[in-house]
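Each chain is listed here by its residues.
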Amino acid sequence: MADPLDDLIAAVLAAPKYAAITPNLVRRIGAAELAKGRVLKQAVKATRNKLHQVGGAYLGGKMDYAGWARRLAAGADPAALRAECRAMMQAHASTRERLAFLEDFYAAVFAALGPVDSLLDVACGLNPLALPWMPLPPDARYYAVDIYTNMTAFCDGFRARLGRPGRIWAADVLGDPPDMPVDTALVLKTLPCLEQVDKDAGRTLLRALKARRIVVSFPVASLGGRGKGMAENYAARFAALAAEEGWRAERLSAPGELTYLVMK
Ligand SMILES: C[S@@+](CC[C@H](N)C(=O)[O-])C[C@H]1O[C@@H](n2cnc3c(N)ncnc32)[C@H](O)[C@@H]1O
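Reading guide: rules and limits
Residues numbered from 1 in each chain as written. Predicted model: local features only at pLDDT ≥ 70, side-chain atom pairs only at ≥ 80, totals over all residues. Helix = DSSP H or I, 4+ residues; strand = E, 2+ residues; numbered from the N terminus. Rg over C-alpha atoms; globule rule 2.2 N^0.38 Å. Buried ≥ 20, exposed ≤ 12 C-beta atoms within 10 Å, placed from the backbone. Contact = placed C-beta atoms within 7 Å. Axes fitted to C-alpha atoms, helices over the stretch in contact; angles between N-to-C directions. Parallel < 35°, antiparallel > 145°, perpendicular 65-115°, else oblique. Left-handed = near helix turned anticlockwise from the far one by under 90°. Near = placed C-beta within 6 Å. Nonpolar A, V, L, I, M, F, W, Y, C, P; charged D, E, K, R; others polar. Expected span 1.5 Å × (residues − 1). Arc of directions from axis to C-beta. Domains from an automatic or database assignment. Pairing = 2+ DSSP bridges. Core = buried A, V, L, I, M, F, W, Y, C linked by C-beta atoms within 7 Å.

### What to know about the overall build of the chain
Alright, step 1. Check the secondary structure of the chain and you find 11 helices and 7 strands.
Alright, step 2. Radius of gyration (C-alpha) of the chain: 18 Å, near the 18 Å computed for a compact globule of 264 residues.
Alright, step 3. In terms of principal-axis extent, the alpha carbons of the chain reach across some 55 × 50 × 35 Å.
Alright, step 4. Across the 264 residues of the chain, 36% fall into the buried class.
Alright, step 5. A fraction of 67% describes how many contacts in the chain between residues 6 or more apart in sequence connect residues 24 or more apart.

Structure below.
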């Protein structure tokens, strides 16, 4: 007999909007929806809605990865390359919000971090395109992961084009957390997104990361632009989580996001 979960995964991935999402995430979310007793059709719809909330909602218009890769491969000088990266970062709502203060954001974060020899960018979106703004030594490794196979392949090509050691790949960071030990992990504006699917996701993810320290940030406005009380709410909840887990969380004065440096 056919397994309804296999049917659900096939149905979800058949839609172009979801086709590039790592099947493991579709499996995890789909299994939870079927476990609620939903019939297949309803479970497919609910899974697609969740995938939209955690991923699709951030993407704007056509993600022309092949065209972008060609533009980045052309022998641009550093200023032209940065301009290209900025233009492409507009296509993901999360990196787009950071563009206004990109330079100052990474200056503040790396001033607090000091030397970093390996960085893991968790649920990175298009943030690997911000590599030119990160003051990393040439031999520092950069790893990054997100749910989209096409986005991460494009970003990995950019990493290689910069000559930066490391790897960028597609995975569900909750079902299959990256297990390489690193000096620092970036978990930027991601915990509220993951908590839409699993309310304990923040704790689970931060516990799983094998990082000496973790930069965690929170948005101060929602995707729709509303922000009343959001920062205070995230700050109170994160302070409670850090206290429960015995983590030291230092507030950083990085612009535009509520940002912490966490030592586990
Ligand atoms: C709010 S955005 C943050 C992106 C990036 N960290 C930044 O600050 O620009 C959340 C990201 O999480 C990714 N994501 C959602 N669920 C995920 C999961 N289970 N595993 C890995 N990435 C996930 C989405 O695709 C999206 O790019």
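### Quick word on the packing of helix α1 (residues 4-14) against helix α2 (residues 23-35)
Alright, step 1. Contact geometry for α1 and α2: axes closest at 9 Å, N-to-C directions at 125 degrees. For the element pair α1 / α2, the angle class is oblique. Crossing handedness for the pair α1 and α2: right-handed. Of the residues in α2, those in contact with P4, L5, L8, I9, V12 and L13 of α1 are P23, V26, R27, G30, A31 and L34.

### Some details on the site of the ligand
Alright, step 1. Not every one of the 21 residues close to the ligand is listed here, only the nearest: G55, S94, A123, G125 and L188.
Alright, step 2. Looking at the shell around the ligand residue by residue, the classes come out as 12 nonpolar, 6 polar and 3 charged.

### Quick notes on helix α7 (residues 102-113)
Residue pairs spaced three or four apart in an α-helix point in one direction, given the helix's 3.6 residues per turn.
Alright, step 1. Counted at 1.5 Å a residue, the expected span for α7 with its 12 residues is 16 Å, and the 17 Å between its end C-alpha atoms agrees.
Alright, step 2. Those residues of α7 not exposed but buried are F105, Y106 and V109. For α7, the angular spread of buried residues about the axis comes to 85 degrees, placing them on one side.
Alright, step 3. Buried residues belonging to α7 abut α6 (93-98), β5 (211-218), β6 (248-252) and β7 (258-263).
Alright, step 4. Once α7 ends, the next one or two residues include G114, with phi positive near 70 degrees.

### A word on the environment of A100
Alright, step 1. Along the chain, the position of A100 falls in the loop between α6 and α7.
Alright, step 2. Through-space distance from the C-alpha of A100 to that of A32 is 38 Å; in sequence the pair is 68 residues apart.

### Some remarks on the domain arrangement of the chain
Alright, step 1. Here the chain is described as being made up of domain 1 (4-54) and domain 2 (65-263).
Alright, step 2. On a C-alpha basis, the centres of domain 1 and domain 2 stand 26 Å from each other.
Alright, step 3. Mapped onto the side of domain 1 that touches domain 2, the elements with two or more residues apiece are α2 and α3 (40-54).
Alright, step 4. Looking at the side of domain 1 that touches domain 2, the element that brings in the most residues is α2, giving 4 residues.
Alright, step 5. When the residues that make up the side of domain 1 that touches domain 2 are grouped by side-chain class, the tally is 5 nonpolar, 3 polar and 2 charged.

### Topic: the pairing of strand β1 (residues 118-122)
Working note: regular strand, side chains alternate between the two faces of the sheet.
Alright, step 1. Of all 5 residues that make up β1, 5 are buried, and the element is covered over most of its length.
Alright, step 2. Of the two faces of β1, the one lined by S118, L120 and V122 and the one lined by L119 and D121 are each fully buried.
Alright, step 3. Here β1 pairs with strand β2 (residues 141-146) via 5 bridges, running parallel. Each bridged residue has a counterpart across the sheet, and for V122 the counterpart in β2 is V145.

### Observations regarding the nonpolar core
Alright, step 1. Ranked by internal contacts, the top residues of the largest apolar core, which has 66 residues, are V122, L129, A185, V187 and I214.
Alright, step 2. Split by domain, this core shows at least three residues from each of two domains, domain 1 (4-54) and domain 2 (65-263).
Alright, step 3. Apart from the residues lying within four places of it in its own chain, the contact partners of V187 are V122, I214, V215 and V216.

### Overview of the packing of α1 against α3
Axis angle and axis distance: for two packed helices, these are the angle between their axes and the distance between the axes, and together they describe the pair.
Alright, step 1. Running from amino to carboxyl end, α1 crosses α3 at an angle of 50 degrees, the nearest separation of the two axes being 10 Å. One way to sum up the angle between α1 and α3 is to call them oblique. Viewed along their axes, α1 and α3 form a crossing whose handedness is right-handed. For the pair formed by α1 and α3, the contact residues are P4, D7, L8, A11 and V12 on the first element and L40, A43, V44, T47 and R48 on the second.
Alright, step 2. Grouping the amino acids of the contact of α1 with α3 by side-chain chemistry returns 7 nonpolar, 1 polar and 2 charged.

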